[in-house]
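For reference, the chains in residue letters:
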Amino acid sequence: MDSPFPERWTSEFALFIKSYGVAQLAADLVVTEAAVRHWIRGVSAPRRTHAEIIQRVARERGITLTMDAIYAHAGERHASDPSLAVAIDLRQKKRADREAKKTARDAAVNVLAQRLMARQSLANS
């Protein structure tokens, strides 16, 4: 795997993924290849359940991969690539925007439901 960013592939975690294969790991974990690439880039880290599976798979291959090694990768990437802060901030902003829209939708649904119940109550009386 030739990467234009070889520094991303130097941690124990990244070296394990490189040897295992991004596509194969994504398929085995039932996640997208983009998710695995985000882990390598340092934009995100695997969920604990995925990290535990990665750790077990590594152990089955004779590789000791600690949780610290898995999660340290993202921290190392953050420290070495200031542009990641921008990408992470953008993801967090989009997540907050989606949550705000969902909250507003939920509030509107509640108001409409209350109005409907009030109308039904009036019609029944």
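Each chain carries its own residue numbering, running from 1 in the direction its sequence is written. Selection of residues for local features in this predicted model requires a pLDDT of at least 70, selection of side-chain atom pairs for listing and counting requires 80 or more, and totals for whole chains, interfaces and linings are taken over all residues. Excluded from the side-chain calculations are hydrogens and water; all other atoms, namely the structure's heavy atoms, are used.

(A) Structural context of the overall build of the chain. Think of it this way: any DSSP run of H or I at least four residues long counts as a helix, any run of E at least two long counts as a strand, and we number them from the N terminus. Regarding its fold elements, the chain presents six helices and zero strands. A 1.4 Å probe rolled over the protein chains alone gives each residue an accessible area, and that area as a share of the maximum for its type sets the label: buried under 20%, exposed over 50%, partly exposed in between. Counting all 125 residues of the chain, 30% fall into the buried class. In the chain, once contacts between residues fewer than 6 apart in sequence are set aside, the share between residues at least 24 apart is 53%. By definition in these notes, contact holds between two residues if any of their heavy atoms fall within 4.5 Å.

(B) How the structure looks around the environment of Ser 11. Relative to the helices and strands, Ser 11 resides in the segment before α1 (12-20). Relative accessible area serves as the criterion here: at 9%, Ser 11 is assigned to the buried category. The sequence separation of Ser 11 and Ile 40 amounts to 29 residues, and the corresponding C-alpha distance is 9.4 Å. Sequence-distant contacts of Ser 11, that is, excluding residues within four places in its chain, are made with His 73 and Glu 76. Here a polar contact means two N or O atoms within 3.5 Å. Within protein one must be a hydrogen donor candidate and the other an acceptor candidate, and residues neighboring in sequence count only if both atoms are side-chain atoms. Here the side chain of Ser 11 touches Ala 14 through a polar contact of 3.0 Å, landing on its backbone nitrogen.

(C) Structural context of the pattern of salt bridges. One side-chain nitrogen of Lys or Arg within 4 Å of one carboxyl oxygen of Asp or Glu is enough to make a salt bridge. With the rule as written, the count across this model stands at four salt bridges. A salt bridge links Glu 33 to Arg 37; its shortest N-O distance comes to 3.8 Å. Of the two residues, Glu 33 and Arg 37 both sit in helix α3 (residues 33-41), four residues apart, roughly one turn of that helix. The exposure class assigned to Glu 33 is partly exposed, which follows from its relative accessible area of 37%.

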